[in-house]
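One-letter residues, chain by chain:
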Amino acid sequence: MSDKTVEQLFTQIRKLGQDGLHHKALPLVMEVLKRNPKDMDALKCKVVCLLKLDKCKEAYHTMTTDKELSKIPMWLERAYCLYRQNKLEEAITELNNAEPSPKVDEILAQIYYKLENYEEAASIYKALVKNTMDSYTNERETNLAAALASSSAFKSKPIKWVGVRESTYELCYNSACHSVSTGDIDAAEQKLEKASELCKKEFEDDEAETKTELAPINVMKGLCLQKSGNTKEALELYNTVLKEKSGDNQTLAVAANNIICINKDQNMFDSKKKLKIATTDTVRAKLAASQINSIDFNSCLLSFYTNQLDQFKKKSVQLQGAGSPLAPLLLATSLVRDKRFDEALKALQDGNSQDEVVQLSIAD
């Protein structure tokens, strides 16, 4: 490597970058920087490689600590790194310094989605879908549908659903999520079947990828069955997804939580195992507040069922302090235990409770 000129190294770097082999390009970039630490082209290439390799923390450190590179207005790249590290407000500050562009709007919409400001996210995606024509149209429409579906599922005043195409499995899936949230289970099941067919067709040559992409669809099918009272079939779908570990952590957490809901005061050992899947810090960082509320509620209820009353009271106080809409259910549960049925009924009537099952939307 040391015998090659800088020009030859850059030729290799460009070729490897075009082929998506950034893990091989990075050592060559470092070789250039070893010869000249102030080479701006190499420094930029280093940042690109780190971003492509999902090493956002290292990329951000490079951009902000290198004296030469820190002089360049890389607002977009820095904002993306902060977004991936869940430093959302800092990411918005960086984007406020950037020149307006579709790329800036893309990241800003993702940040608003993560902040659960679905209305703002949907507004940006609507504008992007309307005004931008390129190869990412399907992804933008998918993210728009995810924002609309999440608003319908998690907000008391959801955004009005706008017609979106159902030409991809992600779009069909998110449309199904919206149907579930409005109580139209039959429509949701039809859309999920279509999503499954489109998914299998798209990944017909990749069995592993097919299983991964089908996982959230199957979990949502399980939710439809669960809401229809077909708990046995729902359990089969949930347990298959968990056994195969085919979905991401968020999908597995949703499946685990919904099994706990079905188990209720039965199969306590199984519920405890499932709760561990749904309550890791990594998982919680990816869930919406209402999803976390639902999982925390079931954790609290599980303590009640297993007669761990101190834990039940502690978790109840935490949920009430967090303003969880599920808190009235906990109060009612404790009142029923004491056979104070009239007071329990009043607690439910005074509260604004919701299902303790969880759903999720797909966003790229």
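Each chain has its residues counted from 1, following the order in which its sequence is written. For this predicted model, a pLDDT threshold of at least 70 governs which residues receive local features, and a threshold of 80 or more governs which side-chain atom pairs are given and counted, while totals over whole chains, interfaces and linings are taken from all residues. Only heavy atoms go into the side-chain values, all of them from the structure, while hydrogens and water stay out.

1. Details of helix α12 (residues 207–227)
No. 1: An ideal rise of 1.5 Å per residue puts 30 Å on 21 residues; α12 measures up with 30 Å between its terminal C-alpha atoms.
No. 2: Bend is computed residue by residue as the angle between axes fitted to the seven residues ending at the residue and the seven residues starting at it. Put simply, DSSP H or I for four residues or longer makes a helix, DSSP E for two residues or longer makes a strand, and each gets a number counted from the N terminus. The sharpest bend along α12 comes to roughly 35°, located at Ala215, with the proline Pro216 sitting one to four residues further on.
No. 3: Extensive coverage of α12 is indicated by the burial of 15 of its 21 residues.
No. 4: For this analysis, a polar contact is any N or O atom pair within 3.5 Å, provided that within protein one partner can donate a hydrogen and the other can accept it, and provided that sequence-adjacent residues contribute only side-chain to side-chain pairs. Its side-chain oxygen at 3.3 Å from the backbone nitrogen of Ala208, Asp206 defines the N-terminal cap of α12.
No. 5: Following α12 by one or two positions, Gly229 has its phi on the positive side, about 90°. To estimate the expected span of a helix, subtract one from its residue number and multiply by 1.5 Å. Only protein chains enter the accessibility calculation, which uses a 1.4 Å probe; a residue whose area is less than 20% of its type maximum is buried, one above 50% is exposed, and one in between is partly exposed.

2. Details of the packing of helix α6 (residues 88–96) against helix α7 (residues 102–114)
No. 1: Here an axis means a line fitted to C-alpha atoms, over the contact stretch when the element is a helix, while the angle between two N-to-C directions is reported on a 0 to 180 degree scale. Running from N to C, α6 and α7 cross one another at 155°; their axes reach a closest spacing of 10 Å. Classified by the angle their axes make, α6 and α7 are roughly antiparallel. The handedness of the crossing between α6 and α7 comes out as left-handed. Counted together, Leu88, Ala91, Ile92 and Leu95 of α6 and Val104, Ile107, Leu108, Ile111, Tyr112 and Lys114 of α7 form the full contact between these two elements.
No. 2: Under this grouping Gly is polar, as are all residues other than the nonpolar Ala, Val, Leu, Ile, Met, Phe, Trp, Tyr, Cys and Pro and the charged Asp, Glu, Lys and Arg. Considered class by class, the residues forming the contact of α6 with α7 number nine nonpolar, no polar and one charged. Each angle gets one of four labels, with under 35 degrees taken as roughly parallel, over 145 as roughly antiparallel, 65 to 115 as roughly perpendicular, and the rest as oblique. Each helix crossing is assigned a hand: it is left-handed if the near helix lies turned anticlockwise from the far helix by less than a right angle, otherwise right-handed if that turn is clockwise. Contacts: residue pairs with any heavy atoms within 4.5 Å of one another.

3. Looking at a negative patch on the surface
No. 1: Patch definition: residues with relative accessible area over 30% and no salt bridge; like charges joined within 9 Å; nonpolar side chains (Val, Leu, Ile, Met, Phe, Trp, Tyr) joined within 5 Å. Surface accessibility in these figures is a Shrake-Rupley result with a 1.4 Å probe; residues are shielded only by whichever protein chains are displayed. For this document, the term salt bridge refers to a Lys or Arg side-chain nitrogen within 4 Å of an Asp or Glu carboxyl oxygen. Charge counting follows a simple rule: Lys and Arg are positive, Asp and Glu are negative, and His as well as the terminal groups are ignored. One atom stands in for each charge, and that atom is NZ of Lys, CZ of Arg, CG of Asp or CD of Glu. Residues Glu204, Asp205, Asp206, Glu207 and Glu244 make up a contiguous surface patch of negative charge.
No. 2: Position of Asp206 among the secondary structure elements: in the loop between α11 (185–202) and α12.

4. Regarding the confidence of the model for the chain
No. 1: Every residue gets a pLDDT, meaning the predictor's confidence in that residue, from 0 to 100. Residue-level pLDDT values for the chain average 88, and 96% of them are 70 or greater.
No. 2: When mean pLDDT is compared element by element in the chain, α11 scores highest at 96, while helix α19 (residues 327–337) scores lowest at 75.
No. 3: Low pLDDT (under 50) marks residues 358–364, which in the prediction has 41 contacts with non-local residues, meaning those over four places away or in another chain.

5. Observations concerning the packing of aromatic side chains
No. 1: Pairs were defined over the aromatic rings of Phe, Tyr and Trp, the Trp ring being its six-membered one, requiring ring centres within 6.5 Å. Orientation was assigned from the angle between planes: stacked under 30 degrees, edge-to-face over 60, tilted for the rest. Scanning all chains against the criterion turns up six aromatic pairs.
No. 2: On the numbers, 5.9 Å between centres and 70° between planes, the contact of Tyr169 with Phe203 is edge-to-face. Linking Tyr169 in helix α10 (residues 169–181) with Phe203 in the loop between α11 and α12, this pair joins segments that are 34 residues apart in sequence. Phe203 matches Tyr169 in its accessibility class, with the two residues each being buried.
No. 3: Three or more aromatic residues joined by ring pairs form one cluster here, namely Tyr113, Tyr118 and Phe154.

6. Re the environment of Ala278
No. 1: Structurally, Ala278 can be placed in helix α15 (residues 268–278).
No. 2: On the accessibility criterion, Ala278 (1% relative accessible area) is buried.
No. 3: C-alpha of Ala278 to C-alpha of Arg165: the two residues are 113 residues apart in sequence and 32 Å apart in space.
No. 4: For Ala278, the residues in contact, after removing those within four places along its chain, are Ala253, Val283 and Ile295.

7. Here we look at the side chain of Glu106
No. 1: With respect to the secondary-structure elements, Glu106 resides in helix α7.
No. 2: Among the polar contacts listed, one links the side chain of Glu106 to the side chain of Arg140, at a separation of 2.3 Å.
No. 3: Apart from the residues within four sequence positions on either side, Glu106 is in contact with Tyr125, Leu128 and Arg140.

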